[in-house]
Amino acid sequence: MNPNPKANRPSNTAFKQQRLKAWQPILTPKGVLPAYFAVGSIFIPIGVWLYLAAQRINEVVFDYTSCATNGSFNYPITNWSYSSSSKNCTIDFNIDLDMAGPVYLYYRLTNFYQNHRRYVKSFDSKQLANSGGLSPSSSCDPMSKPTQLTNASASYPWVSGQIDSSAIIYPCGLIANSYFTDVISDIVPASPSTGAASPISFSSKGIAWPADAAKYIKSTLPSLVTGNLTLTVFPPPQWVKAFPGSDFSRGYTADNFPDISTMERLHVWMRPAGLPNFRKTWGSRSDSVPAGSYRITITQNFDVSSFGGTKAIAISTMSSIGGKNPFLGVAYMTIGVVCWLLGILFLLKQMIKPRKVGVSWNHSITT
């Protein structure tokens, strides 16, 4: 038994005994009504400015999911054709208004859940930063080693025998494996008399966030491998099937080993989107794009039918608030209007039947 039962009692101070002075605001019409009108007066002009800024953005969007099946198309597409041998979809489309630079080219996917917990975690930051060596992280499982694949021989047809258990995948993980592999060409005038006089190119330089680009360093794995590089370090299975600008159908060699520090489109893809419908930057240009009829060729390697998604191209200008998104302006205006309506309602209530401050609703007023 404790001989001193009060030994653990807090000291007799205002803080420890909860005797500090406190202030509790009393919400009165005199203070609440001006607050409602002030918030409304601030939010409505901000919302109008945001909405008008979004409307000034010039944007052209067209879906090309059904190009391979020669399905129907909508404006601004005027015509399209598909070559099954080259998987090229050639699209003629219109840009109705001049686009002042900078102009951005995006690809848009729908129903692709990059925000799935297992997908988001499936990469090795040390491997991407060239500090992981020949031992990828288990966070990449089941895409860290070829031996983890259910049908490795089909994924890597150049391997005749059994794949060594020490072989790795670079870059490992589900995010890298699902990289968007469609190839989007420059846009060219569909007719010599309209649009720009020469092809309009979009550069991948500078499209990734600087903080993201700093995470990717050129790998020294080819110099670490003592044996056959092709049988020790493997590309992700989807990269073997198709990869923009490179051919990994026979595996990695010293000549074609990817330098991920320069692959900014990969950097953009490796930042998972928060929603299943998203767009990612393919390229940008600082010069303007004149109105006219144009043609673009897309090599279709990225299959969206497996997850019931769609693919689209977006060409857009930019404003001080970013891309075209009228929702933010509408949200601000809605909050501002609601505050004004509530303020007017409470003001009418106070004028018609005022309430005396300090009197509870469930007590009668005594004089």
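Note that this is a predicted model, so its numbers are computed, not measured.

Visitor: Which residues make up the pairing of strand β4 (residues 103-109), and what are the values?
Guide: In terms of burial, β4 is a largely internal element, five of the seven residues being buried. Where β4 meets strand β9 (residues 278-285), seven bridges bridge the pair, whose relative direction is antiparallel. Bridged to Tyr-106 within β9 is Thr-281. For β4 and strand β11 (residues 311-317), the ladder comprises seven bridges, and the chain directions are antiparallel. Note that in β11 the partner of Tyr-107 across the bridge is Ile-313.

Visitor: Please provide a residue-by-residue account of a nonpolar patch on the surface, values included.
Guide: On the surface, Trp-340, Ile-344, Leu-347, Leu-348, Met-351 and Ile-352 cluster together into a nonpolar patch covering about 610 Å² of accessible area. Mapping Leu-348 onto the fold places it in helix α10 (residues 327-352). Residue Leu-348 is classed as partly exposed on the basis of its relative accessible area of 44%.

Visitor: I'd like a description of the sheet that holds β4, backed by residues and values.
Guide: The four strands are arranged β1-β11-β4-β9 in an open sheet whose pairing can be described as antiparallel. At either end of the open sheet lies a strand with only one pairing partner, and these are β1 (59-63) and β9. Geometrically, the sheet is characterised by an average inter-axis angle of 20° between neighbouring strands, direction not taken into account.

The rules behind each value
Residues numbered from 1 in each chain as written. Predicted model: local features only at pLDDT ≥ 70, side-chain atom pairs only at ≥ 80, totals over all residues. Heavy atoms only, no water. Buried < 20%, exposed > 50% of the residue type's maximum accessible area, 1.4 Å probe, protein only. Helix = DSSP H or I, 4+ residues; strand = E, 2+ residues; numbered from the N terminus. Pairing = 2+ DSSP bridges. Patch = residues over 30% accessible without salt bridge, like charges linked within 9 Å, V, L, I, M, F, W, Y side chains within 5 Å. Areas by Shrake-Rupley, 256 points an atom, 1.4 Å probe, with all protein chains shown as cover. Salt bridge = Lys/Arg side-chain N within 4 Å of Asp/Glu carboxyl O. Axes fitted to C-alpha atoms, helices over the stretch in contact; angles between N-to-C directions.

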